[in-house]
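Close look at the chain arrangement
Below are the chains, spelled out letter by letter.
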Amino acid sequence: MVIEDKQSLCILFISLTFYFMSKQGKFLKPFPRAEISSSALQNNLAVLRQQASASQVMAVVKANGYGHGLLNVANCLVNADGFGLARLEEALELRAGGVKARLLLLEGFFRSTDLPLLVAHDIDTVVHHDSQIEMLEQVKLTKPVTVWLKVDSGMHRLGVTPEQFAAVYVRLMACHNVAKPIHLMTHFACADEPDNHYTAVQMAAFNELTAGLPGFRTLANSAGALYWPKSQGDWIRPGIALYGVSPVAGDCGANHGLVPAMNLVSRLIAVRDHKANQPVGYGCYWTAKQDTRLGVVAIGYGDGYPRNAPEGTPVWVNGRRVPIVGRVSMDMLTVDLGQDAKDNVGDDVLLWGQALPVEEVAERIGTIAYELVTKLTPRVAVCLA
Ligand SMILES: *Cc1c(COP(=O)(O)O)cnc(C)c1O
């Protein structure tokens, strides 16, 4: 190609610049954003299948897929045998999005008017309480509903007690609106403590109560599936592990071959020279001990990054950890990049993800990874990567 005049040369130059910048995503990618890795999700499902090879997998995608996007996750996990939800609205969203797999409401239905929707959209429900049985007995349905009877084996939050169990079971068997067989479920209080004997006590109580009955059995959340192989049953119900995160304190998903599915990314919007003995941010909460350079990151509690993150909580910039300093504000936080920092405005900052485990960030902040990933606000763009 021969370039004939200055104008074409100029246009060529601008187009090339634009092309390369958009290839780097400089123009296209919003921030802050939660980049969701479909290969990580698929890897984690495969790891759990391998861990529980005799069980089907009910991928738990409540709370907007633990903040990863309900339909994003369901579409990445097309191989899951079913999906677990907390609310009817979540199940309806999956059906509207074309998901055909088994769906289970883990807390069951709340109103009698929910029941025709369960039938119309082929959604299974947990039954854990008398009030639900009354509704099932009184409603008129065109088809029976698939029920998973929840047994309280020791957590004492939801479920029928061992004393109530036999009578409830007989009542459900007699109910025309309940499909047979009835499936059986329980939930662990302490499975995330691998040395806590209470999980074995719960398993024994559940197994004794349900011995000889037909139907599926499901006991295990992520911690059960990873740490209590005898709890795996016909279906495991992993949530957090699917997202690449360990449910166990002091542990990390990578120890199990899990890959973090979310990279929470924002960028530096200012880099500033900062003098020793000068404070930064609201309340002048932190003061520099020496001259340094501070970075201002466009993320704050308005995005779901916790305000109570203490000084020293790490973020990942250009291949290294740097500490948060000063208070996290609504839209920004400040980090100490160090005296000789070469970082620039526009550089990406990772708040948690593959290079910086969310388990570790959560521990610094005094919470659990579950809370961090589910509490992101709608201002954070959730995008499949
Ligand atoms: C949320 C939930 C799960 C998943 O728990 P994880 O710890 O995230 O694996 C499983 N079962 C029930 C009943 C739940 O409510």
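The rules behind the values
- Residues numbered from 1 in each chain as written.
- Predicted model: local features only at pLDDT ≥ 70, side-chain atom pairs only at ≥ 80, totals over all residues.
- Heavy atoms only, no water.
- Near = heavy atom within 4 Å.
- Polar contact = N/O pair within 3.5 Å; in protein donor to acceptor, adjacent residues only side chain to side chain.
- Areas by Shrake-Rupley, 256 points an atom, 1.4 Å probe, with all protein chains shown as cover.
- Nonpolar A, V, L, I, M, F, W, Y, C, P; charged D, E, K, R; others polar.
- Pairing = 2+ DSSP bridges.
- Helix = DSSP H or I, 4+ residues; strand = E, 2+ residues; numbered from the N terminus.
- Buried < 20%, exposed > 50% of the residue type's maximum accessible area, 1.4 Å probe, protein only.
- Core = buried A, V, L, I, M, F, W, Y, C linked by side-chain atoms within 4.5 Å.
- Contact = heavy atoms within 4.5 Å.
- Salt bridge = Lys/Arg side-chain N within 4 Å of Asp/Glu carboxyl O.

1. Quick look at the site of the ligand
As a matter of local geometry, the ligand sits amid 13 residues, with Lys 62, Tyr 66, Ser 222, Gly 239 and Tyr 370 nearest to it. Side-chain polar atom of Ser 222 to an oxygen atom of the ligand: 2.5 Å apart, as the coordinates give it. One nitrogen or oxygen atom from the main chain of Gly 239 is found 2.8 Å from an oxygen atom belonging to the ligand. Here the ligand, which alone exposes 390 Å², has 91% of that area covered by the protein. Taken together, the residues of the shell around the ligand sort by class into 7 nonpolar, 4 polar and 2 charged.

2. Some remarks on the pairing of strand E10 (residues 262-274)
Pairing of strand E1 (residues 33-36) with E10, which is carried by 4 bridges, proceeds in the antiparallel orientation. Considered in E10, the bridge of Arg 33 is made with Val 265. Strand direction decides the pairing type here: E10 and strand E17 (residues 348-352), joined by 4 bridges, are antiparallel. Within E17, the residue paired with Arg 267 across the bridge is Asp 348.

3. A look at the environment of Lys 230
Looking at the secondary structure, you find Lys 230 in the loop between helix H10 (222-227) and strand E9 (235-236). According to the relative accessible area criterion, Lys 230 is exposed, its value standing at 77%.

4. Notes on the nonpolar core
Inside soluble globular proteins, nonpolar side chains tend to come together where they are buried. Ranked by internal contacts, the top residues of the largest apolar core, which has 109 residues, are Phe 83, Leu 149, Leu 172, Tyr 305 and Trp 352. Apart from the residues lying within four places of it in its own chain, the contact partners of Leu 149 are Val 127, Val 160, Phe 165, Val 168, Tyr 169, Leu 172, Ile 182, His 183, Leu 184 and Met 185. In this structure, Trp 286, Ala 288, Leu 294 and Val 325 belong to the second largest nonpolar core, which totals 5 residues.

5. A few points about unusual backbone geometry
In this structure, Pro 32 follows Phe 31 across a cis peptide bond, with omega equal to -5°. Put simply, Lys 180 and Pro 181 share a cis peptide bond, and its omega is 0°. You can see Pro 181 is positioned in the loop between helix H8 (162-173) and strand E7 (183-185). Unlike most non-glycine residues, Asp 122 shows phi in positive territory, near 55°. Locating Asp 122 in the fold gives a position in the loop between helix H6 (114-121) and strand E5 (124-127). Positive phi values are uncommon outside glycine, yet Asn 277 reaches one of about 70°.

6. Description of the pattern of salt bridges
Tallied over the full model, the rule gives 13 salt bridges. In this structure, the salt-bridge partner of Asp 303 is Arg 379, at a minimum N-O distance of 2.7 Å. Here the residue Asp 303 occupies a position in the loop between strand E13 (292-297) and strand E14 (314-317), and Arg 379 occupies one in the loop between helix H12 (369-374) and strand E18 (381-384), the gap between them amounting to 76 residues. The salt bridge involving Arg 379 is made with Asp 331; its shortest N-O contact spans 3.0 Å. With a gap of 48 residues between them, Arg 379 in the loop between H12 and E18 and Asp 331 in the loop between strand E15 (320-325) and strand E16 (333-336) connect regions that are remote in the sequence. Assessed through its relative accessible area of 43%, Arg 379 is described here as partly exposed. With a relative accessible area of 34%, Asp 331 lands in the partly exposed category. Salt bridges here are not isolated pairs; linked through shared partners, they connect Arg 33, Glu 35 and Asp 348.

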